[in-house]
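A look at the structure
In case you want the letters, here they are:
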Amino acid sequence: MDEHLNQKKIVMVIGNLGGGGAERVLVHLANFFSEMHIDVTIICIGSAPAIGEKEAYKRNINTKVLMIHKLAGKNLVFQKLQQWCSIRTTLSQIKPDII
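Rules and cut-offs
Residues numbered from 1 in each chain as written. Predicted model: local features only at pLDDT ≥ 70, side-chain atom pairs only at ≥ 80, totals over all residues. Heavy atoms only, no water. Pairing = 2+ DSSP bridges. Helix = DSSP H or I, 4+ residues; strand = E, 2+ residues; numbered from the N terminus. Axes fitted to C-alpha atoms, helices over the stretch in contact; angles between N-to-C directions. Salt bridge = Lys/Arg side-chain N within 4 Å of Asp/Glu carboxyl O. pLDDT = per-residue confidence, 0-100. Buried < 20%, exposed > 50% of the residue type's maximum accessible area, 1.4 Å probe, protein only. Right-handed = clockwise from strand over helix to strand, strands pointing away.

Our next topic: the sheet that holds strand β1 (residues 9-14). Taken in spatial order, the three strands line up as β1-β2-β3 in an open sheet, and their pairing is parallel. Each of the sheet's edge strands pairs with one partner strand only, and the pair in question is β1 and β3 (64-67). Adjacent strand axes in the sheet meet at a mean angle of 20 degrees, parallel and antiparallel pairs treated alike. Across four bridges, strand β2 (residues 39-44) lies against β3 in parallel orientation.

Below is the structure:
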């Protein structure tokens, strides 16, 4: 049987991957799960990194990162609703075992 059909999927959600304790722990966990042959996706819901800005912590090359960008010029309620809908759509496409 194909190994990828039974591969577990984990999605982790965080504001961004800049420097900080939560970001460091999340990247370490993502790297650990990746080494255990678990499909890991990180969803960042904060603002996009500046051009040329690097992530603060080195992550496994197999770990995918998806950005859910904020809409500029819209009111806060609309931004949060749009982010929630984007996250929900993304999760329905990935179909993770664990969030």
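Back to the write-up after that little detour.
In this section: the pattern of salt bridges. If you walk through the whole model with that rule in mind, you get one salt bridge. The salt bridge partner of D39 is K64, with a shortest N-O separation of 2.4 Å. Placement of the pair is D39 in strand β2 and K64 in strand β3, with a sequence separation of 25 residues.

Considering every residue of the chain, the mean pLDDT works out to 84; 84% of them sit at 70 or more. Across the chain, β1 holds the top mean pLDDT of 95, while helix α2 (residues 76-94) sits lowest at 89.

Counting buried residues in β2 gives six out of six residues, a clear majority hidden from the surface. Neither face of β2 is open: one carries D39, T41 and I43, the other V40, I42 and C44, and all of them are buried. Of the pairings in the sheet, the one linking β1 to β2 comprises six bridges and is parallel in character. From the neighbouring strand, V11 faces β2, where its bridge partner is T41. Running through helix α1 (residues 21-35), the crossover from β1 to the neighbouring parallel element β2 is right-handed.

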